[in-house]
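Now for the letters of each chain:
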Amino acid sequence: MPPAPSSAHEETTAPPRLRVLVLGGTTEASALCRMLGTTWPTCHAVLSLAGVTTQPHLPDMTTRIGGFGGVEGLVDWLHHNAINAVVDATHPFAAQMSHNAALACAVAKLPLLRLERPGWSATPQDQWLMVPSIVDAAHTLAHTSEWSRPHSVFLTTGRKETRPFLAAPQHQYLFRSIETPDTADLPPRTRVLRARGPFDLSAELQLMQAQKITVLVTKNSGGSATYPKLEAARMLGIPVIMIARPPPQNTPRAKDATVALTWLHQCASSTLRAV
Ligand SMILES: NC(=O)c1ccc[n+]([C@@H]2O[C@H](COP(=O)([O-])OP(=O)(O)OC[C@H]3O[C@@H](n4cnc5c(N)ncnc54)[C@H](OP(=O)(O)O)[C@@H]3O)[C@@H](O)[C@H]2O)c1
């Protein structure tokens, strides 16, 4: 007996199945996971977090936490979980994980997409000094004649990245991060401010004025959640030492979760064709 027309219709229009690993720790990763959960019921996505934040905001989906154990560990994990595609949506400065993902996907012959928000660009009113790394930012504050007199530095680089600034102890620092840093890694005159974005412009203006900030040091993370500090610096005429992103991997790229979702649909179609 031929199949009923309704079931034939369901077979041709049912959303394709796919098993995806999303490497997260960013708002883009969470946005993609939310989209997958609401629009694609037959897509099984696993969100992976490094486990560096003690109280992460976890979406309602399958989540794994902690490192894989390098490239080899990731290849094994991909194999054991029958993953068809990987989206590397780690932070723009999480270079090690991106490197490992590129190598592991090459070994496992899996499609890999880099989901990365665009970086910030200076406006004509901004006073940005671009530097290639955190070490260079600290070196600038430690050894450049322009910075020889003590400054009030607003440091927003991440709690594991304060150590290089021990080389510039003549300044006082306001260090802001989600987690408390190790005090041994902080320059002597540092005030720690624990806070999680998003931040708004009026609060950033108030903070930078109250703390008499004379220079802002930040990574070019991009996104809107922490952009108001740059607007405040512009309005107050405060120079910014801007740390450039690490060099990108040679991987297809998406600038937001919607583009990544389209790419995953294309992966699902080609996976089906290959079966
Ligand atoms: N770097 C930043 O400025 C920044 C800012 C905000 C959020 N984050 C997020 O915080 C996490 C750690 O950043 P990082 O700069 O320390 O990374 P990283 O230096 O690139 O990675 C160091 C190691 O952490 C593990 N790892 C990193 N991301 C992981 C993930 N999503 N799932 C499982 N393991 C992961 C891997 O361990 P194994 O080798 O054992 O697999 C990796 O080799 C990332 O998920 C990133 O998205 C980073």
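Now for a description of the structure that goes with this document. (Residues numbered from 1 in each chain as written. Predicted model: local features only at pLDDT ≥ 70, side-chain atom pairs only at ≥ 80, totals over all residues. Heavy atoms only, no water.)

## Describing the sheet that holds strand E9 (residues 190–194)
Paired through backbone hydrogen bonds, the strands of a sheet run either parallel or antiparallel to each other. Spatially, the six strands line up as an open sheet ordered E6-E11-E10-E7-E8-E9, and their pairing is parallel. Single-partner strands in this sheet number two, and they are strand E6 (128–131) and E9. The sheet shows a mean angle of 20° between the axes of neighbouring strands, direction not considered. Where strand E8 (residues 172–177) lies against E9, five bridges are found, and the strand directions are parallel. Of the residues in E9, the one forming a bridge with Leu174 is Arg191. Together, E6, strand E7 (152–155), E8, strand E10 (215–219) and strand E11 (240–243) form the strand contacts of helix H5 (residues 134–143), whose direction differs from that of E11 by roughly 155°. Against the sheet, helix H6 (residues 201–210) makes contact with E7, E8 and E9, and its axis sits at roughly 155° relative to E8, the strand it touches most. (Pairing = 2+ DSSP bridges. Helix = DSSP H or I, 4+ residues; strand = E, 2+ residues; numbered from the N terminus. Axes fitted to C-alpha atoms, helices over the stretch in contact; angles between N-to-C directions. Contact = heavy atoms within 4.5 Å.)

## Quick word on the pattern of salt bridges
Taken as a whole and assessed by the stated rule, the structure comprises 10 salt bridges. A salt bridge links Arg253 to Glu116, with the shortest nitrogen-to-oxygen separation between them at 2.8 Å. Separated by 137 residues along the polypeptide, Arg253 in strand E12 (residues 253–254) and Glu116 in the loop between strand E5 (112–115) and E6 bring together distant segments of the chain. When the shortest N-O distance is used, the salt bridge between Lys219 and Glu161 registers 2.9 Å. Pair noted here: Lys219 is in strand E10 and Glu161 is in the loop between E7 and E8, with a separation of 58 residues, a long-range link. Judged by its relative accessible area of 11%, Lys219 falls in the buried class. Linked through salt bridges whose partners overlap, the residues forming this network are Asp88, Arg114, Glu116, Arg245 and Arg253. (Salt bridge = Lys/Arg side-chain N within 4 Å of Asp/Glu carboxyl O. Buried < 20%, exposed > 50% of the residue type's maximum accessible area, 1.4 Å probe, protein only.)

## Quick word on the site of the ligand
Taken together, 21 residues lie around the ligand, and Ser48, Phe68, His91, Met97 and Lys219 are the ones closest in. Within the backbone of Phe68, one N or O atom sits 2.7 Å away from an oxygen atom of the ligand. Measuring from an oxygen atom of the ligand, one finds a backbone N or O atom of Gln96 at 3.0 Å. Elements with a contribution of two residues or more to the shell around the ligand: strand E2 (43–49) and helix H4 (95–108). Here the shell around the ligand gets four residues from one element, more than from any other, and that element is H4. (Near = heavy atom within 4 Å. Polar contact = N/O pair within 3.5 Å; in protein donor to acceptor, adjacent residues only side chain to side chain.)

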